[in-house]
Amino acid sequence: MARFDLSFPETVEEACQALAQDGSDGRIVAGGVALMILVKHGLYRPRRLISLKRIRGLAGVQETEGGGVRLGAMATHHEVELSPVVHRRAPVLAEATAHVANLRIRNMGTLVGDLCHADNHSDPAPVLLVLDARARAVSARGSREVPFAQFFVDTYQTVLAEDELLTEVFIPPAPPRLAGCYVRFSGHSSIDWPTLGAACMLRLGEDARVQEARLALGSVTAVPQRLPEIEAMLVGQALTADLMTEAGRRAARLVDPPADARGSTWYKKRMVEVFVRRALEETLRRARANGVQIP
Amino acid sequence: MTLRTVGQPVGRIDGEEKVRGEARYAIDLKVPGMLHGRILRSPYPHARLLHVDAAKAAQLPGVRAVLTRDDILRGDRVERRYGRVYKDQSVVALDRVRYVGDPVAAVAAVDRETAEEALQLVEVEYEELPGVFDPVAAMAPDAPLLHEALGKQRNVCSLSTTVRGDVEQGWRESDLIVEETYTSATTQHCHLEPHGCIVAFDPSGRVTVWSGTQTPYGVKMNLAELFRLEPERVRVIVPYVGGGYGAKSHLKIEPIAAFLAWKSGAPVRIVLKRQEVFFTITKHGAVTRMKTGVKRDGTLVARQVEILYDTGAYAEGGPLVAKKAATLAAGPYKLAHVKTESYCIYTNKPSAGAFRGYGVPQVALAYESQMDRIAEVLGMDPLELRLKNVVEEGSRFATGEALHSVGFKPLLVQVAQAIGWGKAEGGTAGEKKAERGGAGDPKAGGTRRRGKGLAIMIKSSNMESTSRCGLQVNDDGTVTVLTSTVEMGQGPRTMLAQIVAEELALPLQAVRVHQPDTDVTPFDTMTTASRSTFFMGNAMVRAAAEARRQLVALASQLLEVRPDDLVVEGGRVSVRGSPDKGFGFGDLARRAREQGSPLQAEGVFEAKEPHGEEPVSIPSFYLVGAGAAEVEVDTETGQVRLLRYVAGADAGKALNPLLAGGQLRGDATIGIGQTFFEEMVFEGGQPVNATFLQYVLPSFKDIPELFDTVIVETPHRNGPYGAKGIAESTIACVAPAVGNAIRRAVGVRLRDLPFTTERVLRALAGLQDGGR
Amino acid sequence: MTLALRVNGQTHPVEVEPYELLLDVLRDRLNLTGPKDGCGEGVCGACTVLLDGRPISSCLLLAAYAEGSEIATVEGLARDGGLHPLQRAFIEHGAFQCGYCTPGMLMMAKALLDRTPRPSEAQVREFMSGNICRCTSYVEIIQAVLRAGDG
Ligand SMILES: Cc1cc2nc3c(=O)[nH]c(=O)nc-3n(C[C@H](O)[C@H](O)[C@H](O)COP(=O)(O)OP(=O)(O)OC[C@H]3O[C@@H](n4cnc5c(N)ncnc54)[C@H](O)[C@@H]3O)c2cc1C
Ligand code: FES
Ligand code: FES
């Protein structure tokens, strides 16, 4: 390992102070999974890491008033995956985190660390987009809330400033009758990172028409993306097989995925087409299972 | 003869050590005062070395030695170049680097961090040269050359040919001629234990090497030659090896560790990082062109094969792989006319060498896919076509020799039966159609189609090699086996202990197997080519028989009874019918020692390749393997699910069915990875996935839910108890069996490995593979 | 920094550098070479140890993070000299060859059985799916874990 210092502030304020003092020499470490790999490969040579591990109040998952969810910065993927609150209030997030890496990494890596690392292959990121989630960023200068729709700037780059740290993620209460799913495709082995992830949430009316649609894609674009055009096209419509197929086709036209070892641009576009449709089909299936009558 | 221990599914004798976490591997070893070595590697695939200066690195506190080309060029410690086949490699690069990862310098320091920091301080100036990254391009007249100084034209490292009959005549005699090209990707062994070694020079100039190598005597001889030492001055000790599959044969990192140890005067340990393992050795990517002539009734007449093995920057063992493949490339079929040309081609990529299967998977993909193609064109059942043409006892092989112990027919029949060949999936009519190469079974539902496929393969073991072993009876009545066969998981320790237990009628626990140590354990050519059961097993049978003779002779002398009237049983030699009249092995051992002739026996088994006009049957053996797959293809994504797989082999005699089954399935599992996704990807010579985060290996989730084995036993006349090697029987069958199954499921023929989801989808979409 | 690490029920005071990872501390300082380094990036699971019963990749865990937790390595699996049922089942079913993945596999399997004493085959595959074995076909490992789960 390369040599670096490690500090364990005990409050958010101390951590902010440390970040402010260290400037570009300091960096937050949460689970350390992503960081240690960077350090081992010599891609990043830290001087000082500021650990969130001993800060009380950053742990765990809580239900907020009104039925939303608060995820602390030190909540691991596996805690989120198992959390009864998440299962009740945002089950799609549990579904996505269950796909992350392997159990060991899910026991070590935090959800927030995954988001701050901003690898575009993140599984949870597109789900947070369809959940309309927000992040709280704190620094010695103050605190602000950032919706995830604005959080990702580029692959491995977020809106967080050098002196900011993310303390928690809020998921607003879900409107009734919202059904959703996360579908994930790895072309190689299912233990690999995703080639594509699609998150979908639909609110279906009594008449089975789409009242609200939220769709997001991960892995195929530089940052995870909502698909407002597809969402708009679905609202007010009955979800027929033709409509879902058309949604997939149009979605494929909207993205221009970079080619890499997991597939060419052509292939990834085809997968967008297939999996947007499959995500809609699966969401519809779940909505039905939850009692929505489809004429 | 009834056998008691041999042939039984006994657990491994190294089992307890391994489950307790107490088994020591090279990376676990420590030697007092040892330093940590690290290697500086080229970031360019092809470049001239203008300047290498390690002075600053040498001055860093904690650094004890640096190694650059100056040490090699100025001193006379080592030969400038070495190599198993061609001397085209040097300990660190001298004038040029030829692949990303080529060692340029090395340091030894008191800890890993310091060594790492020192590497940053080595100053190197490169002048980039144009590179060449695939074997076809490398043979073009204007391609950049890698080893022109060695007189290597068109980057041809080696060419081996096999000719039998006259293929031109064969084409004339054929009713149908099929010609296709198949390609296989470069892959990596991915043994979980990285290469690791410790080297120490002692003041007298003796060298001790602890290395996780498959070839202790190979390392000893080659290192001695490289360092201009008498071989007696090099001692190689091999602990447990955490997987090898060919990657840990002959010199790998030992020369660098040795040089650093010599220069620093302290023991030096090098353990590679995973990424460096990908740079150290690979499996050959290959382009195989195959042309086959066949009669209307399905009789194969002639086959011509040209293989270009992408051997990377240095010859390594590549030419030996290609040479063997030249004899095997036409497959296990009766063919009157065969011509094979097998090239090793230099490219600016890591060197390729031995990998489980040894060049056969690359050609079996072609010949087994082509068998199905022929069956399809002729309207024959692929199983029938194979049974009609496959070699059997006494068949003349492409090499001209008469084959022995090749039970392909019973094997094929049983493997086909195990996969339910000819039977519809769930008894539906859809599969029947699929069986004839139709559109597949629509019953699989929606966008999914199912199909089944078969494949077989043949591979030879070492033709010429020697195994020696020793055996001594200890005072406590136990037996110690001295062997240089390396335990890397394939189970030779258990196999050898079983043989000794069998021959001396001992419980397995009474046999201890010494770890390879060239100062103690006798010569063995190497642990490769699935040869140990046959070669070392034979040597062991002989040593045990000799020990038994000595035990009986001594007891006969002491008891004054004719040897014929003695029985060996339960660790005792006693008079037939009166078990209490006799001696325990321990007693006999003590008495023998007191008499000045300790109970020690040796066994030797040697095979020489027959040289002469008309080759006869070789004294060595052939591996005989088969596979059958059932797949389900998602026609929307190209994803292929392997529903069921059967891995089969002719073992001659399975000395331990538990371990044999493990070999067949484990071998096939690497095949599964290489079939579906394993590939080292390069962009302009830069490896882009040389880590486990990117290079995906088959997991619990990638193996079929039904994964069976079939073992047939056609005893080999020279094998111990009729046994021969099996550990490379099944890997080569997976890709063609799956490819054939895909063809029967959805009607597309895949010719390029790996069969990624994208390639399947492109084939379904009728598109050309436009690259990535 | 000085850490008090509790490993296999015993507390060891160890002097470590802040950048040191748990795997290196276990192997180099405490001489527990059961956990292995296979990839160093959290993929293969050769370095699996349990932290308060939860499997983690010790190749990526800062050693300081392990303070205050119970660390369990393969060396602590056998009790009073007797093998753990998983260890016996691994030998009987041929669940390893080279054995390099085995310390990690065993700890992963232990975490599973502690949580789900009688897992189904599908549960075994899912739970263990992040541990790589290059020698076996996994079939034997699944059989062994199921067997040990039978009690
Ligand atoms: C083998 C493997 C497979 C993986 N597979 C997947 C997968 O399939 N899907 C998937 O989504 N992910 C996958 N990952 C990524 C994994 O989920 C993340 O690496 C992990 O969650 C990062 O969390 P961490 O707590 O370890 O982050 P750390 O490594 O501690 O930090 C990561 C980055 O985020 C910053 N950071 C962390 N916390 C904060 C904070 N509160 N405020 C500000 N900055 C912060 C750090 O400074 C650092 O730059 C995989 C990782 C591995 C090793
Ligand atoms: S070594 Fe830790 S997961 Fe591979
Ligand atoms: S037994 Fe060798 S890696 Fe699993």
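Residues numbered from 1 in each chain as written. Chains lettered and ligands numbered in written order. Predicted model: local features only at pLDDT ≥ 70, side-chain atom pairs only at ≥ 80, totals over all residues. Heavy atoms only, no water.

1. Observations concerning the packing of aromatic side chains
Okay, step 1: Enumeration over the complete set of coordinates arrives at 25 aromatic pairs over all chains.
Okay, step 2: Aromatic side chains A:Phe185 and A:Phe275 sit 4.9 Å apart centroid to centroid with 25° between the ring planes, which places their arrangement in the stacked category. Of this pair, A:Phe185 sits in strand 11 (residues 178–185) while A:Phe275 sits in helix 11 (residues 265–289), and the two are 90 residues apart along the sequence. Take A:Phe185 and A:Phe275: they sit in the same class, and that class is buried.
Okay, step 3: Here the basic side chain of B:Lys152 rests over the ring of B:Tyr86, its NZ or CZ set 3.4 Å away from the ring centre.
Okay, step 4: Across the ring face of B:Phe355, the terminal group of B:Lys283 is positioned such that the distance to the ring centre comes to 5.9 Å. (Phe/Tyr/Trp six-rings, centres within 6.5 Å; stacked < 30°, edge-to-face > 60°. Helix = DSSP H or I, 4+ residues; strand = E, 2+ residues; numbered from the N terminus. Buried < 20%, exposed > 50% of the residue type's maximum accessible area, 1.4 Å probe, protein only. Lys NZ or Arg CZ within 6 Å of the ring centre and 35° of its normal.)

2. Comments concerning the interface of chain B and chain A
Okay, step 1: On the chain A side, the residues contacting the 29 residues of chain B number 29 residues.
Okay, step 2: Carbon and sulfur atoms supply 52% of the area buried between chain B and chain A, which totals about 2400 Å² over both sides.
Okay, step 3: Counting across the chain B and chain A interface gives 5 salt bridges.
Okay, step 4: Put simply, B:Glu636 and A:Arg278 hold a salt bridge, and the shortest N to O gap is 2.8 Å.
Okay, step 5: Joining chain B to chain A, the criterion identifies 12 residue pairs in polar contact (both at pLDDT 80 or more).
Okay, step 6: Counting residues per element, the ones that place at least two in the side of chain B that touches chain A are helix 4 (112–120) and helix 20 (757–764) of chain B. (Contact = heavy atoms within 4.5 Å. Buried area = accessible area lost by both parts, 1.4 Å probe. Salt bridge = Lys/Arg side-chain N within 4 Å of Asp/Glu carboxyl O. Polar contact = N/O pair within 3.5 Å; in protein donor to acceptor, adjacent residues only side chain to side chain.)

3. Comments concerning the sheet that holds strand 5 (residues 69–72) of chain A
Residues and elements named next belong to chain A.
Okay, step 1: Taken together, 5 strands build an open sheet; the order of strands is 4-5-10-6-7 and the sheet is antiparallel. Two strands in the sheet have a free side with no partner beyond their single neighbour: strand 4 (61–63) and strand 7 (142–147). On average, each strand axis in the sheet is inclined to that of its neighbour by 20°, with strand direction left out of account.
Okay, step 2: In this structure, strand 6 (residues 134–139) lies alongside strand 10 (residues 165–171), joined through 5 bridges in antiparallel fashion. Residue pairing for strand 10: Val138 is matched across the bridge by Leu165. (Pairing = 2+ DSSP bridges. Axes fitted to C-alpha atoms, helices over the stretch in contact; angles between N-to-C directions.)

4. Some remarks on the pairing of strand 25 (residues 640–650) of chain B
Residue and element names in this part refer to chain B.
Okay, step 1: Among the 11 residues of strand 25, 10 are classified as buried, and the element is accordingly described as predominantly covered.
Okay, step 2: In this sheet, strand 25 lies alongside strand 24 (residues 622–634) in antiparallel orientation, the contact comprising 10 bridges. By the bridge assignment, Gly625 is partnered in strand 25 with Ala649.
Okay, step 3: Counting the residues in the hairpin turn of strand 24 and strand 25 gives 5 residues, including Gly638, whose phi is positive at 80°.
Okay, step 4: Bridge count between strand 25 and strand 28 (residues 706–712): 7 bridges; the pairing is parallel. Along strand 28, the bridge assignment pairs Asp650 with Val712.

5. A word on the site of ligand 1
Okay, step 1: In the vicinity of ligand 1 there are 38 residues, among which A:Ile28, A:Gly31, A:His77, A:Thr110 and A:Asp123 approach most closely.
Okay, step 2: At ligand 1, the nearby residues belong to more than one chain, namely chains A, B and C.
Okay, step 3: In the model, an oxygen atom of ligand 1 is placed 2.8 Å from a nitrogen or oxygen of the A:Asp114 side chain.
Okay, step 4: Protein contacts shield 95% of the accessible area of ligand 1, which totals 970 Å² for the unbound molecule.
Okay, step 5: For the shell around ligand 1, the elements supplying multiple residues, two or more each, are strand 2 (26–29), helix 2 (33–40), helix 7 (111–117) and strand 10 of chain A.
Okay, step 6: Looking at side-chain class alone, the shell around ligand 1 contains 22 nonpolar, 11 polar and 5 charged residues. (Near = heavy atom within 4 Å. Areas by Shrake-Rupley, 256 points an atom, 1.4 Å probe, with all protein chains shown as cover. Nonpolar A, V, L, I, M, F, W, Y, C, P; charged D, E, K, R; others polar.)

6. Some details on the interface of chain B and chain C
Okay, step 1: Counting from both sides, the interface comprises 52 residues of chain B and, opposite them, 50 residues of chain C.
Okay, step 2: When chain B packs against chain C, the two sides together hide about 4100 Å² of surface, and 57% of this comes from carbon and sulfur.
Okay, step 3: Area buried by chain B at its contact with chain C is led by B:Val19, B:Leu192 and B:Phe700, which between them contribute 22% of it.
Okay, step 4: Put simply, chain B and chain C have 6 salt bridges between them.
Okay, step 5: Put simply, B:Glu678 and C:Arg134 hold a salt bridge, and the shortest N to O gap is 2.7 Å.
Okay, step 6: For the side of chain B that touches chain C, the secondary structure elements donating two or more residues are helix 1 (15–19), helix 4 and helix 18 (657–676) of chain B.
Okay, step 7: At 8 residues, helix 18 of chain B tops the list of elements feeding residues into the side of chain B that touches chain C.
Okay, step 8: Classifying every residue of the side of chain B that touches chain C gives 21 nonpolar, 16 polar and 15 charged.

7. Looking at unusual backbone geometry
Okay, step 1: Here the amide bond leading from B:Leu753 into B:Pro754 is cis, since omega sits at -5°, within 30 degrees of zero.
Okay, step 2: If you check the backbone angles, A:Ala208 has positive phi at about 70° while not being a glycine.
Okay, step 3: Note on placement: A:Ala208 falls in the loop between strand 12 (196–204) and strand 13 (210–218).
Okay, step 4: Look at A:Ala208 and you get buried, because its relative accessible area is 5%.
Okay, step 5: Look at B:Arg154: it is not a glycine, yet its phi comes out positive at around 50°.
Okay, step 6: Judged by its relative accessible area of 46%, B:Arg154 is partly exposed.

8. Brief notes about the side chain of B:Asp517
Residue and element names in this part refer to chain B.
Okay, step 1: As for its placement among the helices and strands, Asp517 is situated in the loop between strand 19 (511–513) and helix 16 (532–559).
Okay, step 2: You can call Asp517 buried: its relative accessible area is 5%.
Okay, step 3: Those residues within four positions of Asp517 in sequence are excluded, and the remaining contacts are Arg235, Val236 and Ile237.

9. As for helix 8 (residues 254–264) of chain B
All names here are of chain B.
Okay, step 1: When you tally the buried positions in helix 8, you get 8 out of 11 residues, the bulk of the element.
Okay, step 2: Taken as a whole, helix 8 has its buried residues at Glu254, Pro255, Ile256, Ala257, Ala258, Phe259, Leu260 and Ala261.
Okay, step 3: Gly265 occupies a position one or two residues after helix 8 and carries a positive phi of about 75°.

10. Quick word on the sheet that holds strand 1 (residues 35–41) of chain B
By way of backbone hydrogen bonds, the strands of a sheet pair with one another, either parallel or antiparallel.
All names here are of chain B.
Okay, step 1: Strand order in this open sheet of 7 strands is 3-5-1-12-9-10-11, and the pairing throughout is mixed. One side of each edge strand has no neighbouring strand; the edge strands of this open sheet are strand 3 (63–67) and strand 11 (234–237). Between one strand axis and the next, the sheet turns by 20° as a mean value, whatever way the strands run.
Okay, step 2: Bridging between strand 9 (residues 196–201) and strand 10 (residues 207–211) involves 5 bridges; their strand directions are antiparallel. The residue of strand 10 that forms the bridge with Ala200 is Thr208.
Okay, step 3: Here helix 4 sits on the sheet and contacts strand 1, strand 3, strand 5 (103–109) and strand 12 (268–271); the angle it forms with strand 1, its principal contact strand, is near 25°.

11. Things to note about the pattern of salt bridges
Okay, step 1: Under the defined criterion, the tally for this structure stands at 87 salt bridges over all chains.
Okay, step 2: One salt bridge connects A:Asp260 with A:Lys268, and the closest N-O pair in it is separated by 3.0 Å.
Okay, step 3: The exposure class of A:Asp260 is partly exposed, given its relative accessible area of 22%.
Okay, step 4: We classify A:Lys268 as buried; its relative accessible area is 1%.
Okay, step 5: With a shortest N-O distance of 2.8 Å, B:Glu632 and B:Arg450 are connected by a salt bridge. In this pair, B:Glu632 sits in strand 24 while B:Arg450 sits in strand 16 (residues 448–460), placing the two residues 182 residues apart along the sequence.

12. A short note on the side chain of B:Ser90
All names here are of chain B.
Okay, step 1: As for its position among the elements, Ser90 is in the loop between helix 3 (69–74) and strand 4 (96–97).
Okay, step 2: For Ser90, a relative accessible area of 15% translates into the label buried.
Okay, step 3: Engagement of the side chain of Ser90 in a polar contact is seen with the backbone oxygen of Val92, the distance being 2.9 Å.

13. Some thoughts on the packing of helix 3 (residues 102–115) of chain C against helix 4 (residues 121–128) of chain C
All names here are of chain C.
Okay, step 1: Between helix 3 and helix 4, the least distance of the axes is 10 Å, while the angle of their chain directions is 130°. Considering their axes alone, helix 3 and helix 4 lie oblique with respect to each other. Of the two elements, helix 3 crosses helix 4, and the hand of that crossing is right-handed. Of helix 4, the residues touching helix 3 (which contributes Met105, Met108, Ala109, Ala111, Leu112 and Arg115) are Val124, Phe127 and Met128.
Okay, step 2: Residues belonging to the contact of helix 3 with helix 4 are distributed by class as follows: 8 nonpolar, no polar and 1 charged. (Parallel < 35°, antiparallel > 145°, perpendicular 65-115°, else oblique. Left-handed = near helix turned anticlockwise from the far one by under 90°.)

14. A word on the confidence of the model for chain B
All names here are of chain B.
Okay, step 1: When pLDDT is averaged along chain B, the result is 94, and 95% of the positions lie at 70 or above.
Okay, step 2: In the model, residues 425–444 has pLDDT below 50 throughout and makes 46 contacts with residues more than four positions away in sequence or in other chains.
Okay, step 3: Scored as a complex, the prediction yields pTM 0.96 and ipTM 0.98. (pLDDT = per-residue confidence, 0-100.)

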